[in-house]
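Structural overview for review
If you want the building blocks of each chain, they are given just below.
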Amino acid sequence: MAVLKVKFTKTKRDKLAQILWILNWVSVVSGIILFSLGLFLKIEIKKRNEVMAKGDVNSVPNMLISVGVIACIINFLGGKICYDCSDANKFSRWKLVMLPYIVCTFCFTFCILVGALMCYTMRNELEESLYLGLRDAIKFYKDTDIPGRCFLKKTVDMLQIGFQCCGNNGFRDWFEIQWVSARYLNMASKEVLDRLKSNVDGKFLVDGVPFSCCNPSSPRPCIQYQLTNNSAHYNYDFLTEELNIWVKGCREALLDYYTAIMRSIGITALFIWLFELSVLIGVRYLQTAMKNVLLLGDLEGESDGWLLENSFVEAAKYNINIIKNLGKANQISTVSGMNDPNIDVQNTKCGKTNVTTKSIPAA
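Residues numbered from 1 in each chain as written. Predicted model: local features only at pLDDT ≥ 70, side-chain atom pairs only at ≥ 80, totals over all residues. Heavy atoms only, no water.

The name given to the protein in an unreviewed UniProt entry is Photoreceptor outer segment membrane glycoprotein 2, with the source organism recorded as Pygoscelis adeliae. In its Sequence similarities (unreviewed entry) section, the UniProt record describing the protein reads: "Belongs to the PRPH2/ROM1 family." The Subcellular location (unreviewed entry) comment attached to the protein in UniProt states, word for word, "Membrane". (UniProt positions renumbered as here; feature names shortened; annotations may be inferred.)

Now the structure itself:
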């Protein structure tokens, strides 16, 4: 029994073909939108490439770009097919193409769904990439004279100013590294030498942060050094002075930024998937209705259209049996006594083999 069978008249078939022709062109636009969203996300990731570790963070934008290009090609072809389906004579040349086209389009729409879901599952990979990338960027913040790292100071400073953040997880990350270059340290100063000797690795560690961590909205001048020393500043308590520097870590700030972008892209991709799925259903109805018209031979009469010719259970059993029977024609029975491929060959001798022959009289 056919699934979701609908009866179509000649007028309904023509209107369905015209509507699907228009919707396929709308789908071309949706493909351009997917391509643009993937390209936008790829550019945004590339902007912060210096503070990201190498990983699979580009898998989502690459997926969206590929799906967008394929959508434009498939829907352009679909528009041509639906336009010709308004004429039964033109449909005959697409008759053998439409079913493979529908199968390929179904797989393509599934890829759109996968791309939409990937926008929501990418957060963990992105968080790990940001954590490792920011850790290295902060570590090499002071290396302004080393080729390949000299740009990191400006990158980190612009990042902290633009996203109103400080450090990787927070401003205390700056306490654990030497972020002041040795060329700006006075080696004749006893304080500098004492700090270098007090550290096992010989690093100049201070409870201070770069200027880019300062909050310009703070009511008092920014306090960059001795942040945890209340006695070093008048009327100061580092536990309550939250407005003096940014307290949010840059990893969290960037993660929130990209999560918001990917959430919007994911919602858009889901709507496009639903739209593509509805167009695919319409194409399936048109294909089966036109096929039945040709079988009936009455081009002006009514015809049935459906999603599946048999029920879901019957279709599943049919496909499972096809898979099970693959290659069985070339198999040889291994049952004892049946391993001879010629065992079933019938004897071509006629009559009984044990019939006694008459004696020939002697001459």
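1. Quick notes on the overall build of the protein
Secondary structure summary: the protein contains 9 helices and 2 strands in total. Starting at the N terminus and walking to the C terminus, you meet the elements of the protein as β-α-α-α-α-α-α-α-α-β-α. Counting across all 363 residues of the protein, residues that qualify as buried make up 37%. Counted over contacts in the protein with a minimum sequence separation of 6, partners at least 24 positions apart contribute 73%. (Helix = DSSP H or I, 4+ residues; strand = E, 2+ residues; numbered from the N terminus. Buried < 20%, exposed > 50% of the residue type's maximum accessible area, 1.4 Å probe, protein only. Contact = heavy atoms within 4.5 Å.)

2. Some details on the nonpolar core
Judged by nonpolar contacts, the single largest core of 79 residues is most densely connected at Leu126, Trp174, Val209, Leu227, Leu254, Val283 and Leu286. Secondary structure elements with two or more residues in this core: α1 (10-47), α2 (59-84), α4 (95-121), α5 (123-139), α6 (152-162), α7 (190-198) and α8 (250-296). For this core, the element with the highest residue contribution is α8, accounting for 18 residues. A domain split of this core shows at least three residues from each of domain 1 (2-137 + 252-325) and domain 2 (171-247). Setting aside residues no more than four positions away along its own chain, Leu286 makes contact with Arg13, Leu16, Ala17, Leu20, Cys82 and Cys85. (Core = buried A, V, L, I, M, F, W, Y, C linked by side-chain atoms within 4.5 Å. Domains from an automatic or database assignment.)

3. A look at α5
Since the α-helix turns once every 3.6 residues, residues separated by three or four places project in the same direction. Counted at 1.5 Å a residue, the expected span for α5 with its 17 residues is 24 Å, and the 24 Å between its end C-alpha atoms agrees. All of the buried residues along α5 are Leu126, Ser129, Leu130, Gly133, Leu134, Ala137 and Ile138. Relative to the axis of α5, the buried residues are bounded by an arc of 145° and lie together on one face. Turned more than 90 degrees off the buried face of α5, the exposed positions are Asn124 and Glu128. On its buried face, α5 sits against α6 and α8. (Expected span 1.5 Å × (residues − 1). Arc of directions from axis to C-beta.)

4. Things to note about the side chain of Thr288
Along the chain, Thr288 falls in helix α8. Accessibility expressed as a relative area gives 4% for Thr288, which makes it buried. A distance of 3.1 Å separates a polar atom in the side chain of Thr288 from the backbone oxygen of Tyr285. With near-sequence residues (within four places) excluded, Thr288 lies in contact with Asp304, Gly305 and Trp306. (Polar contact = N/O pair within 3.5 Å; in protein donor to acceptor, adjacent residues only side chain to side chain.)

5. With respect to the environment of Phe76
Tracing the backbone through its elements, the reader meets Phe76 in helix α2. For the pair formed by Phe76 and Val28, sequence separation is 48 residues and the distance between their alpha carbons is 6.5 Å. Non-local contacts of Phe76, meaning those with residues more than four positions away in its chain, are made with Trp25 and Val28.

6. Quick notes on the packing of aromatic side chains
A complete count under the given rule lists 8 aromatic pairs for this structure. Seen from their ring centres, Phe171 and Phe175 are 5.9 Å apart, and the 75° between their planes marks the pair as edge-to-face. On the accessibility criterion, Phe171 (16% relative accessible area) is buried. Within the aromatic cluster, the residues linked to one another by ring pairs are Tyr141, Trp174, Trp179 and Tyr225. (Phe/Tyr/Trp six-rings, centres within 6.5 Å; stacked < 30°, edge-to-face > 60°.)

7. Quick word on a nonpolar patch on the surface
Where nonpolar side chains cluster on the molecular surface, the patch consists of Trp21, Ile22, Trp25, Val26, Phe76 and Tyr83 and spans about 620 Å² of accessible area. Mapped by element, the contributors of at least two residues to the nonpolar patch are α1 and α2. Relative to the helices and strands, Ile22 resides in helix α1. (Patch = residues over 30% accessible without salt bridge, like charges linked within 9 Å, V, L, I, M, F, W, Y side chains within 5 Å. Areas by Shrake-Rupley, 256 points an atom, 1.4 Å probe, with all protein chains shown as cover. Salt bridge = Lys/Arg side-chain N within 4 Å of Asp/Glu carboxyl O.)

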